[in-house]
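Each chain, written out:
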Amino acid sequence: MTRIGVMLPRDLPAGQVLDYARRADELGFDELWVVEDLGFRGGVAQAGAVLAATSRIVVGIGILPAGARNAAFAAMELATLAQLFPGRLIAGIGHGMPPWMREVGAWPASPLTLLEEYTVAVRTLLRGSPGPAAGRYVNVEGVVIGEVPAQAPPVVLGVRGPKSIALAGRVSDGVLLAEPAAPPYVEASLGHLGAPAQVITYDAAVVGDDGAAARDLVRPGLAWIGEPDWAPHLAPLPFADDLAAHRRASAGPDEFAATMPDAWVRELALAGTPDEVRARIAARHAAGATSVVLIPAEPDRLDALTRLAQVLPR
C-alpha cells in the first residue's frame, strides 16, 4: 500500500505545532514526520506531543542520530510511544549530520559500525529480547527494557549513500531518503537495499493553480542540493553532470537554485498544479517508494498544508 505524508517543519513556531498536526490528521495525510535537527526540537518529544494531539495519523521520527542517545534509553522512549499509540509510530535512525555530531563530540571514527550496532541493539530491545553482545560503540549486553509494545514499531535508517543503504537492507525495516528523492535515486536505492523494505522519501513541495509559479516558490528548498553531501541523490539523474556544472558556475546555493532550468525543478521537487504533483508522487511510488513525504516550502505552513492536501486521493 502506497502512502502520502507531510513533514512538520522544524522551525514552525511552537504555538502552531499541535494545530498543524491536527490539521494534517483532519486533511487525510497518512503520515506526519517530525525532524530532530541540532538547535531545533527533540524528535521523541515532538512525536509524543503530536501523537497525543491526533487520533489516526502515523507519526514518523526522521531521524534520531545514533550517536546522540544510549541505545537502551532510546529503545525505552520508542517502546513507550508504541505502547501508548499502537501502530502509529515509525522510528528513523541515522548517522546525523557530521558537522552537528562533531560539534557535540558524538561523531565516531566508523559511522557505519556505530549505526549497525545501534540499530541492531534498539530493534533487539524493542522486541523484548536481551541486548546483543557488546560492540565497538554500543554496550547494552544483557539489558532487558521490560516494558515493550505488543508489536515493535518499524525502524528505518535515514541514510544517503550506497553502503549505508545496503546496511539498512540488512539490519532495519527500510530506508528514509532525504530530499531530493527523484525516481532514479529511489530505483538506485532499491538496488542497494537488496531486499523488500519500506522506502520513505522526502521532497520539497508547493502546490498551486499556476505550476510554473509553484516551482519558482519551491526553488529555495533546493538551494543546498548542489553541495557535496547531496551527491548520492543526484548521481543517478540523467542531468547529473549538467547540474554539477551549473553549481560550479553559480556564485552560491541561492543563485544555483534560482537559475536552474524548470525541467530540473520538476524532477527534484514536488511542485506544480495538483495534477502535476500527483503525477510526480505516482512516479516515486512506481519507482519503489512506499511513502512519499511532502516538505512544505512556503512561508505560511498552515495555509500550505491545505494546498498540499489537494494531491491526496479523492
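Within every chain, residues take consecutive numbers counted from 1 along the sequence as written. Residues qualify for local features only when their pLDDT is at least 70, as the model is predicted, and side-chain atom pairs are given and counted only at 80 or more; totals for whole chains, interfaces and linings, by contrast, use all residues. Excluding hydrogens and water, the side-chain figures rest on all heavy atoms present in the structure.

### Describing the environment of Val 148
- Starting at the N terminus, helices and strands are each numbered in turn, a helix being any DSSP run of H or I of at least four residues and a strand any DSSP run of E of at least two. Checked against the element boundaries, Val 148 lands in the loop between α5 (111-126) and β5 (155-158).
- When the C-alpha positions of Val 148 and Ala 79 are compared, they lie 5.4 Å apart, and in sequence the two are 69 residues distant.
- Contacts are assigned to residue pairs with any non-hydrogen atoms lying within 4.5 Å of each other. In this structure, Val 148 is in contact with Ala 79, Gln 83, Leu 125, Leu 126 and Gly 128, ignoring residues within four places of it in sequence.

### Quick word on unusual backbone geometry
- Here Gly 62 and Ile 63 are connected by a cis peptide whose omega angle stands at 5 degrees.
- Within the element layout of this structure, Ile 63 appears in strand β3 (residues 58-65).
- Across the junction of Glu 179 and Pro 180, the peptide omega takes the value -5 degrees, indicating a cis bond.
- With respect to the helices and strands, Pro 180 occurs in the loop between β6 (174-177) and α7 (183-193).

### Comments concerning the side chain of Arg 301
- As for its placement among the helices and strands, Arg 301 is situated in helix α14 (residues 301-308).
- Burial status follows relative accessibility: with a 1.4 Å probe on protein chains alone, a residue under 20% of its type maximum counts as buried, one over 50% as exposed, and anything between as partly exposed. In this structure Arg 301 comes out as buried when scored by relative accessible area, which is 17%.
- Within the structure, Arg 301 has its side chain in polar contact with the side chain of Asp 11 (distance 3.0 Å). In protein, a polar contact means a hydrogen-donor-capable atom and an acceptor-capable atom, both N or O and within 3.5 Å, with residues adjacent in sequence counting only if both atoms are side-chain atoms; elsewhere, any N or O pair within 3.5 Å suffices.

### Structural notes on the pairing of β5
- In the sheet, strand β4 (residues 89-94) pairs with β5 via four bridges, with the strands oriented parallel. Bridge assignment links Ala 91 to a residue of β5, and that residue is Val 155.
- DSSP-based pairing: two strands are paired if at least 2 bridges between them are found. Pairing of β5 with β6 involves two bridges; the strand directions are parallel. Of the residues in β6, the one forming a bridge with Gly 158 is Leu 176.
- Handedness of a crossover: with both strands directed away from the viewer, a clockwise path from the first strand across the helix to the second marks it as right-handed. One crossover worth recording links β5 to the parallel β6 by way of helix α6 (residues 162-171), and it is right-handed.

### Details of the nonpolar core
- Counting 70 residues, the largest nonpolar core has Phe 29, Leu 32, Tyr 118 and Leu 294 as the members making the most contacts within it.
- Sort the elements by how many residues they give to this core and helix α3 (residues 71-84) lands first, with eight residues.
- When near neighbours in sequence (up to four residues on either side) are disregarded, Phe 29 contacts Ile 4, Gly 5, Val 6, Ala 24, Arg 56, Ile 57, Leu 305, Leu 308, Ala 309 and Leu 312.
- Listed in part, the 20 residues of the second largest apolar core include Trp 230, Phe 256, Met 260 and Ala 269. Among buried residues, those of type Ala, Val, Leu, Ile, Met, Phe, Trp, Tyr and Cys that are joined through side-chain atoms within 4.5 Å constitute a nonpolar core.

### Points about α3
- To estimate how far a helix should reach, multiply one less than its number of residues by 1.5 Å. With 14 residues, α3 should cover 20 Å at 1.5 Å per step; its first-to-last C-alpha distance of 20 Å lies within 8% of that length.
- A side-chain oxygen of the first residue of α3 lies 2.8 Å from the backbone nitrogen of Ala 72; this N-cap is Asn 70.

### What to know about the pairing of strand β7 (residues 198-207)
- Burial within β7 is extensive, with 10 of its 10 residues counted as buried.
- Residues Gln 198, Ile 200, Tyr 202, Ala 204 and Val 206 point to one face of β7 and Val 199, Thr 201, Asp 203, Ala 205 and Val 207 to the other, with burial holding for every one of them.
- Examined bridge by bridge, β6 and β7 share four bridges and lie parallel to one another. Its bridge partner being in β7, Val 175 is matched across the sheet by Val 199.
- Pairing geometry for β7 and strand β9 (residues 291-296), over six bridges, is parallel.

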